[in-house]
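One-letter residues, chain by chain:
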Amino acid sequence: MTRRLILLLPLIGFLVLSLFLYQGLSLNPFHRESALMARDFPEFNLPTLEDPERRVDRSLLQTGELTLVNVWGEWCPECKREMPQLLDLADRGIRMVGVNWKDTREKGLGFLEDFGNPFETNIFDPDNELGFELGVFGAPETFLVDRDGIIRYHHTGYISASDVREHILPEVQKWQ
Amino acid sequence: MAVIRLALIGFLTLLMAGTLQAGAIEVREFDDPVMEQRYRSLTASLRCPTCENQAINDSDAPVSRDMRNHVYMMLMDGRADMEIRDFMVERFGNYVLYNPRLEGRTFLLWGLPAGLVLAGGVLVALVVRARRNASARELSAEERARLEALINRGRTE
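Residues numbered from 1 in each chain as written. Chains lettered and ligands numbered in written order. Predicted model: local features only at pLDDT ≥ 70, side-chain atom pairs only at ≥ 80, totals over all residues. Heavy atoms only, no water.

Under the counting rule described, the total for this entry stands at one cavity of 30 Å³ or more. In this structure, the largest cavity occupies an estimated 80 Å³ of space. Around the largest cavity, the lining residues are Arg 32, Glu 33, Ser 34, Ala 35, Leu 134, Gly 135, Phe 137 and His 154 of chain A together with Arg 91 and Phe 92 of chain B. Of the residues contributing to the lining of the largest cavity, the split by class is four nonpolar, three polar and three charged. (1 Å grid on protein atoms, 1.4 Å probe; cavity = no way out; pocket = protein on both sides within 12 Å on 5 of 7 lines; lining within 4 Å. Points joined across faces, edges and corners; volume = space filled by probe spheres on them. Nonpolar A, V, L, I, M, F, W, Y, C, P; charged D, E, K, R; others polar.)

The following block contains the structure:
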């Protein structure tokens with residue numbers, strides 16, 4: 001009898017493998033961990049959106065304060081939709097830094113005028129210099145940088161009000 | 001009439017080809033055929049981070065274009081293929097490699113096919129050996145007597 005049962009082993013193995021692969025089909029490939037997790041925020045040297053004469057670098061993220069870095073562009077509709085949530089986060093006293101990505105200065109400044117400006121500073125990155133270092137593949141993307149300038153959390157895509165409650169605020173609390 | 005229609009279709013096709021060209025992937029000229037080959041194989045083996053299963057040489061997504069530019073500049077800069085791949089993985093993660101590396105996390109992925117072939121081979125060997133042993137086993141006294149009887153019966157009939 002046990003010999004017969006052994007014959008079922010390949011079938012069981014096949015079913016287990018199928019189940020494993022099948023649940024992989026429902027995973028969203030865009031929800032993957034950033035390659036920069038637990039690494040230093042990359043080096044950069046870029047002007048700010050507000051003032052072309054003022055250049056900023058990594059020390060902007062090493063001030064001893066936890067910071068949310070949001071990559072946005074005027075051309076990006078989801079960035080407009082998530083602005084109320086970002087303003088709410090800024091109201092809660094969280095330091096926000098923007099990266100104006102693949103944009104023009106004029107359009108970027110217009111965007112902030114129209115949709116509000118939760119950012120302490122906006123890094124101006126029209127040629128995807130910092131964006132490439134961060135591995136950004138589409139705006140909006142948001143990085144949580146801890147007090148020592150290390151990337152602790154990464155959010156790809158639009159931040160909804162429930163994302164703020166369920167993901168962003170707990171992560172902020174965790175790394176505060 | 002038919003001629004006009006044909007000419008119109010031809011004209012529209014040309015127009016469409018023109019617009020397609022505008023968004024398409026840039027053509028790069030290389031003096032060195034080895035460099036060209038390396039560029040081709042690198043851009044074919046790196047996966048576009050934002051597309052649904054496209055290599056960066058096949059995708060007109062902005063991020064793919066930026067990645068191709070980096071590959072090109074790094075090649076011209078004399079960097080090794082390995083360095084260029086590492087550079088991309090450091091930024092975009094293992095996701096961009098069409099051939100995942102052999103490491104702890106991908107051990108099952110690479111090991112499973114070889115493991116299954118090995119297990120199958122061992123199984124077959126075991127079964128064959130068991131059968132051979134069974135047929136070569138010595139007969140017990142009782143079995144020998146029965147065999148004898150059967151043979152003798154065949155002879156007498």
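We now examine the layout of surface pockets. By volume, the largest pocket amounts to about 1,100 Å³. Along the walls of the largest pocket sit 25 residues, with Leu 27 of chain A together with Arg 47, Tyr 95, Arg 105 and Leu 109 of chain B positioned nearest its centre. Of all elements in the fold, only helix 2 (9–25) of chain A together with helix 5 (107–136) of chain B reach the threshold of two or more residues within the lining of the largest pocket. Counting residues per element, the lining of the largest pocket draws most heavily on helix 2 of chain A, which supplies five residues. Considering only residue class, the lining of the largest pocket consists of 13 nonpolar, seven polar and five charged. Taken as a whole, the second largest pocket holds about 740 Å³ of empty space. (Helix = DSSP H or I, 4+ residues; strand = E, 2+ residues; numbered from the N terminus.)

We now examine the pairing of strand 7 (residues 151–156) of chain A. Residue and element names in this part refer to chain A. For strand 7, the buried fraction is high: five of the six residues fall into the buried class. Bridge analysis of strand 6 (residues 141–145) against strand 7 gives five bridges, and the strand direction is antiparallel. Directly across from Phe 143, in strand 7, lies its bridge partner His 154. Between the antiparallel neighbours strand 6 and strand 7 lie five residues, among them Gly 149 with a positive phi of about 80°. (Buried < 20%, exposed > 50% of the residue type's maximum accessible area, 1.4 Å probe, protein only. Pairing = 2+ DSSP bridges.)

Residue and element names in this part refer to chain A. The five strands lie next to each other as 5-4-3-6-7, forming an open sheet whose pairing is mixed. A single partner strand is all that each edge strand has here, and the edge strands are strand 5 (121–125) and strand 7. Taking the axes of each pair of neighbouring strands and ignoring which way they run, one obtains an average angle of 20° across the sheet. Sitting on the sheet, helix 4 (residues 105–115) touches strand 3 (67–72), strand 4 (95–101) and strand 5, and the angle it makes with strand 3 is about 120°. In the packing of helix 6 (residues 161–175) onto the sheet, contacts are made with strand 3, strand 6 and strand 7, and the angle to strand 7 comes to roughly 170°. (Axes fitted to C-alpha atoms, helices over the stretch in contact; angles between N-to-C directions. Contact = heavy atoms within 4.5 Å.)

Residue and element names in this part refer to chain B. With 84% of its residues at a pLDDT of at least 70, chain B reaches an overall mean of 85. Here residues 18–22 is modelled with pLDDT under 50, and outside its nearest four sequence neighbours on either side it reaches zero contacts, counting other chains as well. Here the predicted complex carries an ipTM of 0.86, next to a pTM of 0.77. (pLDDT = per-residue confidence, 0-100.)

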